[in-house]
Amino acid sequence: MAPRTVESRLAELKREVRREWRPRIAPLRAAVKRASRATRRLTLASATLALLKVIGILAFPFLLYVRSSVFLYRHGVPTWLAIVSGAVLTFGVVSTYAILMSRHLPGRRARAISVTKWVALPLVLSWTLYSAFYLARVNTKTDEVRSYYMAVHPILRVALSTVILFDSDLVITDTRRSAGDYPRMGLPVNNRTFHYQQADGWVHAVDLRTSGRSAIKNRAVQLYFWMMGFSTLRHVGTADHLHVQLATRT
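Residues numbered from 1 in each chain as written. Predicted model: local features only at pLDDT ≥ 70, side-chain atom pairs only at ≥ 80, totals over all residues. Heavy atoms only, no water.

Visitor: Talk me through the overall build of the protein chain; I want residue IDs and the actual numbers.
Guide: The helix and strand tally for the protein chain stands at seven helices and four strands. The secondary structure elements of the protein chain, listed N-terminal to C-terminal, are α-α-α-α-α-β-α-β-α-β-β. In the protein chain, which comprises 250 residues, the share counted as buried stands at 34%. Within the protein chain, residue pairs in contact and separated by at least 24 positions form 65% of the contacts whose partners lie at least 6 positions apart. Summed over its atoms, the accessible surface of the protein chain is roughly 15900 Å², and 65% of this surface lies on carbon and sulfur atoms. (Helix = DSSP H or I, 4+ residues; strand = E, 2+ residues; numbered from the N terminus. Buried < 20%, exposed > 50% of the residue type's maximum accessible area, 1.4 Å probe, protein only. Contact = heavy atoms within 4.5 Å. Areas by Shrake-Rupley, 256 points an atom, 1.4 Å probe, with all protein chains shown as cover.)

Right, here's the structure in full:
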């Protein structure tokens, strides 16, 4: 038998060391893998939480605007004054955001005043006017529905614009009605509906499309209107839809 070389002996020693240490290293490797998976889960959870915080911070001024307007209206404040008051509260929040963002910049006081005046105020004013008066064609079922949009109560219009900002696929299927519309739709006349023009001159109810949309989206929209202080009802008339109604004053 030929004598073993140094290289063959070293290779044999390496194999013996691997056989000896493999059982001891296996638990350590498993622990490292478990730690890596746990770290990835923790990182994902932290990233998700951070994203939710950012969304919450950005959404808060819009939700405050709607909720405060509804609250004030329901407690006797005139419609436009309620909207303006809600906008003022929103301006306060947006200004606070602007001040916090600019506090580390040179000339902090002057910068904060400038940002509040030239950023926060135009943003809030623009959104107040946009939300109260504009509705895109893609968010209505027909041109006729869109033509009646200005007959809808301004606070309900503000709430609709806000939810459309976060759910651009939302479609309004009905707004103003008359008693003659019910026989045409094959439905009994409803003399108590808020789709009629009310004593204040505005329509207090709209219908929103639910078909062709996910259950999560429909539930989220319904939850939003409920949280903002509106009455909601998911029901079937001529088709499955979500009925949203401005709550009565207290």
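Moving on from the coordinates now.
Visitor: Account for the pairing of strand β2 (residues 205–209), with residues named and values stated.
Guide: Across the five residues that make up β2, a large majority, four, are buried. Where strand β1 (residues 172–174) lies against β2, two bridges are found, and the strand directions are antiparallel. In the sheet register, I172 faces β2, and the bridge partner there is L208. Note: β2 against strand β4 (residues 240–245), five bridges, orientation antiparallel. Counted as the bridge partner of L208 is L242 from β4. (Pairing = 2+ DSSP bridges.)

Visitor: Just give me the short version of the pattern of salt bridges, but keep the residues and values in it.
Guide: Throughout the structure, instances matching the rule amount to six salt bridges. Of the charged contacts in the structure, one is a salt bridge between D174 and R177, with a shortest N-O distance of 2.5 Å. As far as burial versus exposure is concerned, D174 and R177 are alike and both buried. Beyond isolated ion pairs, a larger network of salt bridges with shared partners links D174, R177 and D207. (Salt bridge = Lys/Arg side-chain N within 4 Å of Asp/Glu carboxyl O.)

Visitor: Give me the packing of helix α2 (residues 79–102) against helix α5 (residues 154–166): which residues, what numbers.
Guide: At a minimum axis separation of 9 Å, α2 and α5 run at an interaxial angle of 35°. Judged by residue contacts, T79, W80, A82 and I83 of α2 engage P154, I155, R157 and V158 from α5. Of the residues assigned to the contact of α2 with α5, the class counts are six nonpolar, one polar and one charged. (Axes fitted to C-alpha atoms, helices over the stretch in contact; angles between N-to-C directions. Nonpolar A, V, L, I, M, F, W, Y, C, P; charged D, E, K, R; others polar.)

Visitor: Before we move on, could you go through the packing of aromatic side chains and cite the residues and values that matter?
Guide: Using the criterion set out here, one finds eight aromatic pairs in the structure. Seen in terms of ring centroids, F62 and W127 are 5.4 Å apart; in terms of plane orientation they differ by 90°. Their pairing is edge-to-face. Remark: W127 occurs in helix α3 (residues 108–133) and F62 occurs in helix α1 (residues 6–74); sequence separation between them is 65 residues. Using a relative accessible area of 24% as the deciding quantity, one classes F62 as partly exposed. (Phe/Tyr/Trp six-rings, centres within 6.5 Å; stacked < 30°, edge-to-face > 60°.)

Visitor: Explain the packing of α5 against helix α7 (residues 215–227) to me, and be specific about the residues and the numbers.
Guide: Look at α5 against α7: their axes get within 11 Å of each other, and the N-to-C directions meet at 140°. The interaxial crossing formed by α5 with α7 has right-handed handedness. Residues L156, A159, L160, T162 and V163 of α5 form the contact with α7, whose participating residues are V221, Y224 and F225. Residue composition of the contact of α5 with α7, by class: seven nonpolar, one polar and no charged. (Left-handed = near helix turned anticlockwise from the far one by under 90°.)

Visitor: A description of the side chain of R157 should follow, citing residues and the corresponding values.
Guide: Counting through the fold element by element, R157 comes out in helix α5. Although R157 lies buried, it forms no salt bridge, and the closest oppositely charged side chain, D200, sits 10.0 Å away as judged by the N-O distance. Apart from the residues lying within four places of it in its own chain, the contact partners of R157 are W80, S131, A132, F133, Y149, M150, V152 and W202. (Lys, Arg positive; Asp, Glu negative; His and termini not counted.)

Visitor: Break down the nonpolar core for me, citing the residues and quoting the values.
Guide: L208, F225 and F230 are the most contacted members of the largest nonpolar core, which totals 36 residues. Listed by contribution, the elements that provide at least two residues to this core are α1, α2, α3, α5, β2, α7 and β4. Ranked by residue count, the leading element in this core is α5, at seven residues. (Core = buried A, V, L, I, M, F, W, Y, C linked by side-chain atoms within 4.5 Å.)

Visitor: Lay out α5 with the relevant residues and their values.
Guide: Under the 1.5 Å per step criterion, the end-to-end length of α5 is 19 Å for 13 residues, consistent within 8% with the ideal 18 Å. Counted residue by residue, α5 has eleven buried out of 13 residues, so it is predominantly covered. For α5, every residue scored as buried is listed here: P154, I155, L156, R157, V158, A159, L160, S161, T162, V163 and I164. (Expected span 1.5 Å × (residues − 1).)

Interpretation note: all reported values are geometric properties and have no functional meaning in isolation.
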